[in-house]
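Listed here are the chains, written in short residue letters.
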Amino acid sequence: VEAAARLAVHGPNLLKPRRERALLLQFLSRFATPLLLLLLAAAAISGLTGDVTSCVIVTFMIALSVTLDFVQDARAGRARCARTCAARSVHSRRR
């Protein structure tokens, strides 16, 4: 009786779905960390001072790091979605 009353007043206990940002914005937001900004500044200074080798190496490492982080996060997001969808189907079959 109490559960039915709470359900009527507050509604079902469900999380609101998060609105996903565009993939490009998700990727570019990875560059906004302080460490990567510092490394980008170091790469720019290396390039401006003529140390092209250091500039290329640092830039490559930044791109590799951001790409791996993005891919890993995308896989984790898919796994989270699959787990949530599986939990919903199990929950609906029990009713």
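Keep in mind the model is a prediction, meaning the values are calculated, not measured.

Caption draft 1: Layout of the environment of Val58. Tracing the sequence through the fold places Val58 in helix α4 (residues 52–94). Each C-alpha atom of the pair Val58 and Leu39 lies 7.1 Å from the other, and the pair is 19 residues apart in sequence. Not counting residues up to four positions away in its chain, the partners in contact with Val58 are Leu39 and Ala43.

Caption draft 2: Fine view of helix α3 (residues 34–48). Spanning 15 residues, α3 covers 21 Å between terminal C-alpha atoms, matching the ideal 21 Å at 1.5 Å per step. Those residues of α3 not exposed but buried are Leu36, Ala43 and Ser46. Summarising the axial view, the buried residues of α3 lie within an arc of 80°, below the 170-degree limit, and thus occupy one face. Away from the buried face of α3 by more than 90 degrees, exposed residues Pro34, Leu38, Ile45 and Leu48 are located.

Caption draft 3: Layout of the pattern of salt bridges. Evaluation of the coordinates by the stated rule reveals three salt bridges. Of the charged contacts, one joins Glu2 and Arg6 as a salt bridge, the two residues approaching to 2.8 Å between their closest N and O atoms. On the criterion of helical spacing, the pair formed by Glu2 and Arg6 is a turn pair, its members being four residues apart in helix α1 (residues 2–10). One connected set of salt bridges, linked through shared partners, spans Arg30, Asp69 and Asp73.

Caption draft 4: Representation of the side chain of Arg30 in the model. Structurally, Arg30 is set in the loop between α2 (23–29) and α3. Judged by relative accessible area, Arg30 falls into the buried class, the value being 18%. With near-sequence residues (within four places) excluded, Arg30 lies in contact with Leu36, Val66, Asp69, Phe70 and Asp73.

Caption draft 5: Broad picture of the confidence of the model for the chain. Per-residue confidence for the chain averages 86 on the pLDDT scale, and 88% of its residues sit at or above 70. When mean pLDDT is compared element by element in the chain, α3 scores highest at 96, while α4 scores lowest at 83.

Caption draft 6: Inspection of a nonpolar patch on the surface at higher detail. Residues Ile57, Phe60, Met61, Leu64 and Leu68 make up a contiguous nonpolar surface patch of about 510 Å² in total accessible area. Here Phe60 shows up in helix α4.

Rules of the game
- Per-chain numbering applies: the sequence of each chain, read as written, is numbered from 1 onward.
- Totals for whole chains, interfaces and linings use all residues, but because this is a predicted model, local features are given only for residues with pLDDT of at least 70 and pairs of side-chain atoms are given and counted only at 80 or more.
- The side-chain figures draw on all heavy atoms in the structure; neither hydrogens nor water molecules are used.
- Where helices and strands are cited, they refer to DSSP runs of H or I of at least four residues and of E of at least two residues respectively, numbered from the N terminus.
- Residue contacts are counted whenever heavy atoms from the two residues lie within 4.5 Å of one another.
- Under the convention used throughout, the expected extent of a helix is 1.5 Å for every residue step, that is, one less than its residue count.
- Relative accessibility decides the category of a residue: with a 1.4 Å probe and only protein chains considered, values under 20% of the type maximum give buried, values over 50% give exposed, and everything between is partly exposed.
- Comment: arc refers to directions from the helix axis out to C-beta atoms.
- Each reported salt bridge corresponds to a side-chain nitrogen of Lys or Arg within 4 Å of a carboxyl oxygen of Asp or Glu.
- Confidence of the predictor at the level of single residues is captured by pLDDT, which takes values from 0 to 100.
- Residues forming no salt bridge and having over 30% relative accessible area are the ones grouped into patches, like charges within 9 Å of each other and nonpolar side chains (Val, Leu, Ile, Met, Phe, Trp, Tyr) within 5 Å.
- A 1.4 Å probe and the Shrake-Rupley method give the accessible areas. Residues count as covered only by the protein chains that appear here.

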